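# Coordinate inspection notes
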Amino acid sequence: MSLIERLTRATLCLHLAPHGLHGVQRRAGRPVADSAFHLPILNPDASWEVALAALRGWLEQHNEKKLPLAISLASRWCAMLMVPWSGALLDRTSAQRFLHSQFAAVYGDGARAWRLAADDAPYGKPRLACGIDAALLQGVQDAAAAHGRRCLSLEPIVGPAWRSIAGGKPAAFALVEAGRLLLATTSGGRITALHSQSCGAAWGDELDRAWRRWNLRAPQLDAIEHVALLDLSGVPQDELPARFQPLPVAGAAHLMREAAWA
């Protein structure tokens, strides 16, 4: 790619969630002014099939520029796991077998039908892995291809969420979405541990309980005094535990504007 191409390259960043499709256009790594949008999705069962149909419809109606896509998915459709180091991770075929065995041990045999991927942690270190229903993943890729668009990346929303705040080097962060709560610790520019669970509309009450339950399994959390908080739930809370420090986030499009996309 030439220097001019790198400077002018544009990407459409999309976030697909049960109740909305969010997007923003980025050019040369920066958000394009007034390009952010939000399409509400009527989806009482939080079905990915309904959300995927909404994505297909939006792409069909907005197919004039055919910009390449960088897509993130809501956490409820992405199973996350820290997997221990194994030499099997050095080979693509054996890595898939190893990851499937790790996910099946936690999520059951249904995980063997998921598409799995892990990050590129240093040799010998645990890796952050993600599992996505193969039909959902294929459906998103097919929707992009049907409209002549390249899909540059497809990842859980925790990816852009972390990249949007990584410069501040928080020791831990919490990501709250509608019905979902994720807690993570970080070090050396990477997510090093995580905890994910469901939550209700009164998620503020659940934050500290979730942290304390996680602390029982991970005593090292005692040393973390402050946790950065990213709220994508759409349900503001009157009061939050002192440990959690909210960051100004206007929604998923904000994270995509701030994240350092490749």
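Located above this text is the structure these notes cover.
Residues numbered from 1 in each chain as written. Predicted model: local features only at pLDDT ≥ 70, side-chain atom pairs only at ≥ 80, totals over all residues. Heavy atoms only, no water.

## Brief notes about the overall build of the protein chain
Basically, it comes down to this: Secondary structure is summarised from DSSP: a helix means a run of H or I of at least four residues, a strand means a run of E of at least two, and numbering begins at the N terminus for each. The globule rule used here is 2.2 Å times the number of residues to the 0.38 power, and the radius of gyration it is set against is calculated over C-alpha atoms. Contacts between residues were defined by any pair of non-hydrogen atoms, one from each residue, lying within 4.5 Å. For accessible areas, the Shrake-Rupley method is used with a probe of radius 1.4 Å. Any residue's cover is judged against the shown protein chains and nothing else. For the purpose of counting charges, residues Lys and Arg are taken to be positive, whereas Asp and Glu are taken to be negative. His and the chain ends are not included. Charge placement uses NZ in Lys and CZ in Arg. For Asp and Glu, CG and CD serve respectively.
Within the protein chain, the regular secondary structure consists of 7 helices and 14 strands. Scaling as 2.2 N^0.38, a compact globule of 262 residues should have a C-alpha radius of gyration of about 18 Å, and the protein chain matches this with 18 Å. With respect to the principal axes defined by its C-alpha atoms, the protein chain has extents near 55 × 50 × 40 Å. The long-range fraction of contacts in the protein chain, counting pairs at least 24 apart against all pairs at least 6 apart in sequence, stands at 56%. Looking at the protein chain as shown, the accessible area adds up to about 13,200 Å², and 53% of this sits on carbon and sulfur atoms. Distance from the positive charge centre (27 side chains) to the negative charge centre (23 side chains) of the protein chain: 8 Å.

## A look at the sheet that holds strand S10 (residues 172-177)
Filter applied, for reference: Strands are labelled as partners when DSSP assigns at least two bridges between them. To define axes, lines are fitted to C-alpha atoms, for helices over the stretch in contact only, and angles between the resulting N-to-C directions are given on a 0 to 180 degree scale.
If you trace the 5 strands from one edge of the open sheet to the other, you get S12-S11-S10-S13-S14, paired in mixed fashion. Looking at the sheet topology across the chains shown, the edges are occupied by strand S12 (190-198) and strand S14 (244-246). Strand-to-strand twist of the sheet, defined as the mean angle between neighbouring strand axes without regard to direction, takes the value 25 degrees. Pairing of S10 with strand S11 (residues 180-187) involves 6 bridges; the strand directions are antiparallel. By the bridge assignment for S11, phenylalanine 173 is matched with alanine 184. Relative to the sheet, helix H5 (residues 158-165) contacts S10, S11, S12 and strand S13 (227-231), its axis offset from that of S10 by approximately 135 degrees.

## Things to note about the environment of alanine 174
Which entries qualify depends on this criterion: The cut-offs for exposure are 20% and 50% of the maximum accessible area for each residue type, with area from a 1.4 Å probe on protein chains only; residues under the lower value are buried, those over the upper are exposed, and the others partly exposed.
Mapped onto the elements of the fold, alanine 174 is located in strand S10. With a relative accessible area of 0%, alanine 174 lands in the buried category. Between the C-alpha atom of alanine 174 and that of aspartate 120, which follows or precedes it by 54 residues, the distance is 22 Å. When residues no more than four places from it in sequence are discounted, the contact partners of alanine 174 are Leu182, Leu183, Leu207, Val227, Ala228, Leu229, Leu230 and Phe244.

## Side note on the environment of histidine 15
How we decide: Polar contact is defined as a pair of N or O atoms within 3.5 Å, subject to the rule that within protein one atom must be able to donate a hydrogen and the other to accept it, and that residues adjacent in sequence are counted only when both atoms are side-chain atoms.
By secondary structure assignment, the location of histidine 15 is in strand S1 (residues 10-17). Among the polar contacts made by the side chain of histidine 15, one reaches the side chain of serine 72 at a distance of 2.8 Å.

## Points about the sheet that holds strand S6 (residues 78-83)
Hydrogen bonds along the backbone pair up the strands of a sheet, which may run parallel or antiparallel. If you trace the 3 strands from one edge of the open sheet to the other, you get S6-S8-S7, paired in antiparallel fashion. Either end of the sheet is taken by a strand with one partner, and the two such strands are S6 and strand S7 (114-118). Put simply, the sheet's adjacent strands are angled 25 degrees from each other on average, direction ignored. Pairing geometry for S7 and strand S8 (residues 127-133), over 5 bridges, is antiparallel. Across the sheet, the residue bridging to tryptophan 114 is aspartate 133, located in S8. This element, helix H4 (residues 134-146), spans S7 and S8 of the sheet and lies at about 80 degrees to S8.

## A look at the pattern of salt bridges
Note the cut-off: A side-chain nitrogen of Lys or Arg and a carboxyl oxygen of Asp or Glu constitute a salt bridge if their distance falls within 4 Å.
By the definition in use, this model includes 7 salt bridges. Across the pair aspartate 109 and arginine 112 runs a salt bridge, and its minimum N-O distance is 3.7 Å. On the basis of relative accessibility, which here comes to 60%, the residue aspartate 109 falls in the exposed class. According to the relative accessible area criterion, arginine 112 is partly exposed, its value standing at 49%. Where arginine 213 meets glutamate 206, a salt bridge forms, and the shortest distance between an N and an O atom there is 2.2 Å. Taken together, the salt bridges that share partners define one network made up of Glu206, Arg209 and Arg213.

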